Amino acid sequence: TIVALMANAFLELGYGVLVLDTDESNTGLDRMLGFGGPSRPIMELRQRFPSGETKPGADWVKQRGISFLDIPGEYLLARDNLRLLSTGKIVEPFQGCACSMAELAGDLARKLVLKDKEIVLMDTEAGIESFGRGVERGADTVLIAVEPSSESLALAEKIFYMADGLGIKQVRVILNKVPSEKVEGRVLEEVARKKLKVIGSLYLDSQISDASLEGNVPPSDSSAQKAMKEIATRLLNES
């Protein structure tokens, strides 16, 4: 949901946005972004033959630099200045671990070459497993969604440590599902104690909850969407 809100915010600010879905579990990001179905996973390009070659048609993945226009349309969902690309999902029992998907996602993120006013948002799975696989090593900034719980705060501290280990120095916290100013203040105190920097807060929003339940696009007039535009603007000013 946060990625969908952020993508819409950057679109409104005049950016071309590529959303890279690297979460091998959760589905539905395509619906939240206003598309009618999932994109074709690029993981199928990694089908290996005895010679070690990739599947035919995968030459673009081997390029040193990959622009938005280099990505074949058959793997993209696109409208206006928004593109969605998915590495793939675990869909069958005994399919195996998602390590190969993580390797592909990390490799692709490092090779992407952006023009002026283009941005890539990587949607990773919750937790630290993607850091253990190095998926984020091509990122400029790591954003941590922190909810009002001790478990979430402890995980944020661990993510900060992992991001630093990948050489990512810009780590920012988005307070998520904040129920009140009082709770926000308490969480801000804890975050500051852990020496993490908050970039903004998203309060509990019934419009977002309703849209999530129905699998719909987050309303553009919601308070959460307005708050996310402010967060996106702050991120741009920091870069």
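Refer to the structure above for everything that follows.
Calculation criteria
- Residues numbered from 1 in each chain as written.
- Predicted model: local features only at pLDDT ≥ 70, side-chain atom pairs only at ≥ 80, totals over all residues.
- Heavy atoms only, no water.
- Pairing = 2+ DSSP bridges.
- Helix = DSSP H or I, 4+ residues; strand = E, 2+ residues; numbered from the N terminus.
- Axes fitted to C-alpha atoms, helices over the stretch in contact; angles between N-to-C directions.
- Contact = heavy atoms within 4.5 Å.
- Core = buried A, V, L, I, M, F, W, Y, C linked by side-chain atoms within 4.5 Å.
- Buried < 20%, exposed > 50% of the residue type's maximum accessible area, 1.4 Å probe, protein only.
- Phe/Tyr/Trp six-rings, centres within 6.5 Å; stacked < 30°, edge-to-face > 60°.
- Lys NZ or Arg CZ within 6 Å of the ring centre and 35° of its normal.

Q: Is there a simple way to explain the sheet that holds strand β7 (residues 197–203) in this structure?
A: Within a sheet, each strand pairs with its neighbour through backbone hydrogen bonds, oriented either parallel or antiparallel. Spatial strand order, β5-β6-β7: 3 strands in an open sheet with parallel pairing. Only two strands of the sheet have a single partner each, and these edge strands are β5 (141–146) and β7. On average, each strand axis in the sheet is tilted by 25° relative to the strand beside it, whichever way the strands run. Examined bridge by bridge, β5 and strand β6 (residues 170–178) share 6 bridges and lie parallel to one another. Looking at the pairing, Ala 145 lines up with Ile 174 of β6. Contacts between helix α1 (residues 2–12) and the sheet are confined to β5, β6 and β7, with β6 contributing the most and set at about 110° to the helix. Here helix α7 (residues 181–193) sits on the sheet and contacts β5, β6 and β7; the angle it forms with β6, its principal contact strand, is near 155°.

Q: Which parts of the structure should I look at to understand the sheet that holds strand β2 (residues 77–79)?
A: In space, the 4 strands of this open sheet follow the order β2-β3-β1-β4, with mixed pairing throughout. With one partner strand each, in any of the chains shown, β2 and β4 (118–123) form the two edges of the open sheet. Strand-to-strand twist of the sheet, defined as the mean angle between neighbouring strand axes without regard to direction, takes the value 15°. As judged from the 6 bridges shared by strand β1 (residues 16–21) and β4, these two strands associate in the parallel manner. Bridge assignment links Leu 20 to a residue of β4, and that residue is Met 122.

Q: Honestly, the nonpolar core in this entry has me stumped. Any pointers?
A: Nonpolar side chains tend to gather and get buried jointly when the protein is soluble and globular. Membership of the largest hydrophobic core comes to 30 residues, with the highest contact counts inside it found for Phe 10, Val 17, Val 19, Leu 33 and Met 228. Residue assignment for this core shows that the elements contributing at least two residues are α1, β1, α2 (29–32), β3 (82–86), β4, β7 and α9 (223–238). Sort the elements by how many residues they give to this core and α1 lands first, with 8 residues. Beyond its immediate sequence surroundings of up to four residues, Leu 33 is in contact with Ala 4, Ala 7, Val 19, Arg 79, Leu 82, Leu 84 and Val 217. Counting 19 residues, the second largest nonpolar core, distinct from the first, contains Met 43, Trp 60, Ile 66 and Leu 108.

Q: Got a minute to help me understand the packing of aromatic side chains in this structure?
A: Any two aromatic rings considered together are summarised by their centre-to-centre distance and by the angle between their planes. With the rule as written, the count across this model stands at 1 aromatic pair. Over the ring of Phe 35 we find Arg 79; its NZ or CZ atom is 5.7 Å from the centre of that ring.

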